[in-house]
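Chain by chain, the residues:
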Amino acid sequence: MSGAAERLDHFMARANAAYYAGCDPFADFITSPEISQVFGELLGAWTAAVWAQLGRPDPFVLVEAGPGRGTLMADALRLVRRVAPDCHTAARLHLIETSPRLRGIQARALDGMAPVPVCWHDSLATVPDGPMIFLANEFLDALPIRQFIRRVGGWAERFVRHGAFVAVPVSFPPDHPAGTRAVPEGDVLETCQPALDFTQALATRLGHASGAALLIDYGYDAPAWGDSLQALRGGRPADPLHDPGTADLTAHVDFRSIAQRAAQCGGVDIWGSVPQGPFLAALGLAARCAQLERAAPRQAAQTRVAAARLAAPEHMGQLFRVLGLSAGLVGGLPGFAGRRGTEVAPNRGT
């Protein structure tokens, strides 16, 4: 990195690009699909149910953004092939992944799993048209954020220079979140324009055709503030500004803003966000775990521990949230009690 000050989002984008190109992220953190096969299987069942609600389109585009090792999609496709073979045959798998190294890992994990060869993309823009079912687990949290500090009579933006933050005075247009959130003096407001842009492209795509999407990540669903930037290096929390490119940098996802951006596009129904625990429970987490326990009683305790890690409030069940988008769907989106209302009660911070 250069010695000149650079905006935090530029620093984060460059650091994460270097990290994913040269490091093994799974040595630093574990995602839901790696904790238990049940996670991917439940999303496979969700995919098959949504496909039926869309009128069983053949073919349809099945997309995952940020597919990691390919574990989620491999587990999902294995389940779909068993319980809904027509859905499996109709699926055309497209993965959004920019890392050549991870693409190779995904190719090996998905060898023989999809009915036709897998296609990779750098962005959603090149995914073919048609009915689409879209999955993204822990994708939005790695998109670069900006941080603004509330000061007496104004704001400053955080830049990075020589491994430390520097504050640069800044002013905002009237529609900026800084004008609508009562952030305490000295505290931080985070924004993530790439997440909003991605959501707009996704919602526009769904509104022009038909389909459904799940966005799963850790974050919050109310007006909030606070510094959520974090880094993992060697599986442990680290200074996010130290030795860029050797740690995974992430931040909490603002699901309220994402839902609002999707609503502005029109033509899509918005579901949630809801905590991951209740969402997985609604998809049949307990029943699937019971099946696995009967099939492999010696691993029953391990199955229960993994399920608790995914769904218990003190683990991932509350911090992780799920937002759904849909268009052209017959009935409600599986896993959600109802469409999102227009108001969400505020909280005190992240």
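Remember, predicted model here, so these are calculated numbers, not experimental data.

Caption draft 1: View of the nonpolar core. Counting residues in hydrophobic clusters, the biggest one holds 50 residues, and the most contacted among them are Trp46, Leu93, Leu110, Leu214 and Phe279. Here this core takes eight residues from helix 3 (residues 37–53), the largest share from any one element. Setting aside anything within four residues of it in sequence, one finds phenylalanine 279 in contact with Leu43, Trp46, Leu214, Val274, Val322, Pro334, Gly335 and Phe336.

Caption draft 2: Region of the structure containing the environment of glycine 317. With respect to the helices and strands, glycine 317 occurs in helix 12 (residues 316–319). When the C-alpha positions of glycine 317 and alanine 281 are compared, they lie 10.0 Å apart, and in sequence the two are 36 residues distant. Setting aside residues up to four positions removed in sequence, glycine 317 forms contacts with Pro275, Gln276, Gly277, Pro278, Leu310, Ala311 and Ala312.

Caption draft 3: Local environment of the sheet that holds strand 12 (residues 236–238). Reading across the sheet, the three strands line up as 12-11-13 and stay open at both edges, with antiparallel pairing between neighbours. Only two strands of the sheet have a single partner each, and these edge strands are strand 12 and strand 13 (248–250). Adjacent strand axes in the sheet meet at a mean angle of 35 degrees, parallel and antiparallel pairs treated alike. Sheet topology note: the strand 11 (residues 230–233)/strand 12 ladder contains three bridges and is antiparallel. Residue alanine 231 lies in a different strand from strand 12, and its bridge partner there is alanine 238.

The rules behind the values
- Residues numbered from 1 in each chain as written.
- Predicted model: local features only at pLDDT ≥ 70, side-chain atom pairs only at ≥ 80, totals over all residues.
- Heavy atoms only, no water.
- Core = buried A, V, L, I, M, F, W, Y, C linked by side-chain atoms within 4.5 Å.
- Buried < 20%, exposed > 50% of the residue type's maximum accessible area, 1.4 Å probe, protein only.
- Helix = DSSP H or I, 4+ residues; strand = E, 2+ residues; numbered from the N terminus.
- Contact = heavy atoms within 4.5 Å.
- Pairing = 2+ DSSP bridges.
- Axes fitted to C-alpha atoms, helices over the stretch in contact; angles between N-to-C directions.

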